[in-house]
Amino acid sequence: MDGLNSSGGFDASPNNLESFWMPYTWNREFKKNPLLLTAAKDMHYTSLDGRQILDGSAGLWCVNAGHSRERIVKAVQEQVAKLDFAPTFQFGHPLAFELASRLTNMLSGEFDHVFFCNSGSEAADSALKMALAYHRARGQGERTRLIGRERGYHGSGFGGISVGGIVKNRNFFGSLLNGVDHLPHTYSHAEQAYSRGLPEWGAHLAEDLERICALHDPATIAAVIVEPMAGSTGVLPPPKGYLEKLRAICDKHGILLIYDEVITGFGRLGDSFATEYFGVEPDMITCAKGLTNGTIPMGAVICRKGIYETMMDYGEETGATIELFHGYTYSGHPVAAAAALATLEVYREEGLFERARELSPYLENTAHALKGSKHIIDIRNLGLVAAIELEPRPGAPTKRAYDVYRHCFEKGLLIRIAGDTLAVSPPLIVTKEQIDQIFETIKEALEATD
Ligand code: PMP
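Residues numbered from 1 in each chain as written. Predicted model: local features only at pLDDT ≥ 70, side-chain atom pairs only at ≥ 80, totals over all residues.

**Examining helix H5 (residues 94-105)**
Reasoning step 1: Between the first and last C-alpha of H5 there are 17 Å, a value that for 12 residues agrees with the 16 Å anticipated at 1.5 Å per step.
Reasoning step 2: Leu95, Ala96, Leu99 and Leu103 are the residues of H5 that are buried. Projection of H5 onto a plane perpendicular to its axis shows the buried side chains occupying an angular sector of 95°, all on one side. Exposed residues lying more than 90 degrees from the buried face of H5 are Pro94, Ser101 and Asn105.
Reasoning step 3: Packing partners of the buried residues in H5 comprise strand E4 (111-117), strand E10 (299-304) and helix H14 (334-349). (Helix = DSSP H or I, 4+ residues; strand = E, 2+ residues; numbered from the N terminus. Expected span 1.5 Å × (residues − 1). Buried ≥ 20, exposed ≤ 12 C-beta atoms within 10 Å, placed from the backbone. Arc of directions from axis to C-beta. Contact = placed C-beta atoms within 7 Å.)

**Details of the pairing of strand E11 (residues 376-382)**
Reasoning step 1: In terms of burial, E11 is a largely internal element, five of the seven residues being buried.
Reasoning step 2: As paired elements, E11 and strand E12 (residues 385-390) share six bridges and run antiparallel to each other. Its bridge partner being in E12, Ile379 is matched across the sheet by Ile388.
Reasoning step 3: Adjacent in sequence and paired antiparallel, E11 and E12 are bridged by two residues, among which Gly383 carries a positive phi angle near 55°. (Pairing = 2+ DSSP bridges.)

**A look at the sheet that holds strand E3 (residues 52-55)**
Reasoning step 1: An order of E1-E2-E3-E13 is seen for the four strands of this open sheet, with the pairing classed as mixed. On the outer flanks of this sheet lie strand E1 (37-41) and strand E13 (413-414), each paired with one strand and no other.
Reasoning step 2: Relative to E13, E3 is paired through two bridges, and the arrangement is parallel. Residue Leu54 lies in a different strand from E13, and its bridge partner there is Leu413.

**Concerning the confidence of the model for the chain**
Reasoning step 1: Per-residue pLDDT for the chain has a mean of 97; in total, 100% of the residues score no lower than 70.
Reasoning step 2: Prediction confidence for the complex, expressed as pTM and ipTM, is 0.98 and 0.99 respectively. (pLDDT = per-residue confidence, 0-100.)

**Brief notes about the site of the ligand**
Reasoning step 1: Taken together, 14 residues form the shell around the ligand, and within it Ser119, Gly120, Ser121, Gly155 and Val262 come nearest.
Reasoning step 2: Broken down by element, the residue count for the shell around the ligand peaks at three residues, all from helix H6 (residues 120-137).
Reasoning step 3: Residue classes in the shell around the ligand are distributed as five nonpolar, seven polar and two charged. (Near = placed C-beta within 6 Å. Nonpolar A, V, L, I, M, F, W, Y, C, P; charged D, E, K, R; others polar.)

So this is what it looks like as structure tokens:
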């Protein structure tokens with residue numbers, strides 16, 4: 001077999017790494033100096049060279065219950081052997097229905113329908129399309145404008161990058177969707193640096209939505225999409241009162257509010273969803289990642305009462321045999337649904353959302369204790385997430401964080417980087433000792449970095 005060394009392991013020489021065009025990766029550098037993971041269990045990865053690596057980022061914010069959990073592995077194995085695939089258009093299988101009701105029952109508000117897809121990107125695109133279809137079905141087809149936010153990330157689809165606010169994710173890819181505006185992001189270094197939890201300053205930034213409404217006529221706006229806490233752009237907890245204001249302005253103008261909970265869903269903030277944590281309900285919630293504990297790709301859009309019904313009424317009136325012209329071959333895939341059901345059981349049985357809430361002050365204190373360490377210009381946190389922002393190396397933005405990240409890996413720790421910010425978001429099974437280890441390793445790496 002290609003790529004094996006004499007003892008049967010993978011030979012990570014440049015030849016064997018060439019063909020895979022890696023996503024969101026510095027490919028040229030990686031292939032000179034690869035980081036390869038070959039196994040994982042609970043809180044640790046095993047690297048190609050056989051070292052145990054503490055997972056400080058739950059993979060990519062998704063392995064909330066820790067790696068290769070017995071119950072999930074078994075559910076996947078059994079399901080793939082029993083029903084590997086079922087057509088998803090005009091057919092169904094029991095697990096997808098069971099999972100949909102499990103998900104709506106996790107929310108205290110009136111959320112009553114779930115649309116399945118395969119990723120966070122697809123969930124964002126699905127939610128945007130569903131918002132447009134909903135308005136059209138109600139006779140408000142002129143509501144076509146979509147509002148995102150600067151520093152928002154909603155995946156890599158054309159819809160997601162259009163409403164997303166990451167410049168580099170957009171500027172190579174043409175003119176994108178028409179009729180998109182962006183709210184300002186909610187971060188101010190001057191006003192918020194080193195705040196713990198939700199920053200006091202910044203709720204007024206939601207009022208920018210009124211400016212956008214005045215500019216275009218609010219009756220042309222379909223939906224606003226935001227991450228309740230922006231994750232991939234450096235962990236930006238919302239200012240106190242911000243989501244409330246956004247909700248009120250959306251209500252005033254009949255605009256749907258979508259929360260992208262791809263990161264915040266499934267316990268990351270110490271509650272099932274950020275929707276519960278903040279007590280401010282959107283009209284749709286997108287989720288993925290922690291839904292299956294990262295095991296099998298799956299995403300979902302959870303809808304508040306009224307959205308599905310509107311489409312059904314429209315179908316009834318028009319005699320349609322398909323009410324919403326949208327879907328994916330793998331929507332509600334049986335193996336993914338089995339993984340998700342087992343994952344939700346693990347979360348519930350082990351009380352992992354409560355555990356995240358209980359550990360959150362410890363993570364906060366441990367993270368903020370690094371204040372004053374070399375290169376640090378801000379520390380932020382919420383739930384079981386902490387971010388350490390570094391002063392960029394002059395003329396080389398993101399390179400310092402990259403060096404710290406590499407150093408951490410050498411010392412047995414995996415974290416995430418977002419620009420010049422280090423993000424820590426361990427599986428919710430993390431112990432206090434492991435939290436200590438995470439920040440000690442980061443401190444050491446900072447000291448070792450120019
Ligand atoms: N939305 C948010 C908030 C995310 O953090 C991500 C992934 N980091 C996505 C969407 C995209 O998810 P995926 O990579 O599964 O498409």
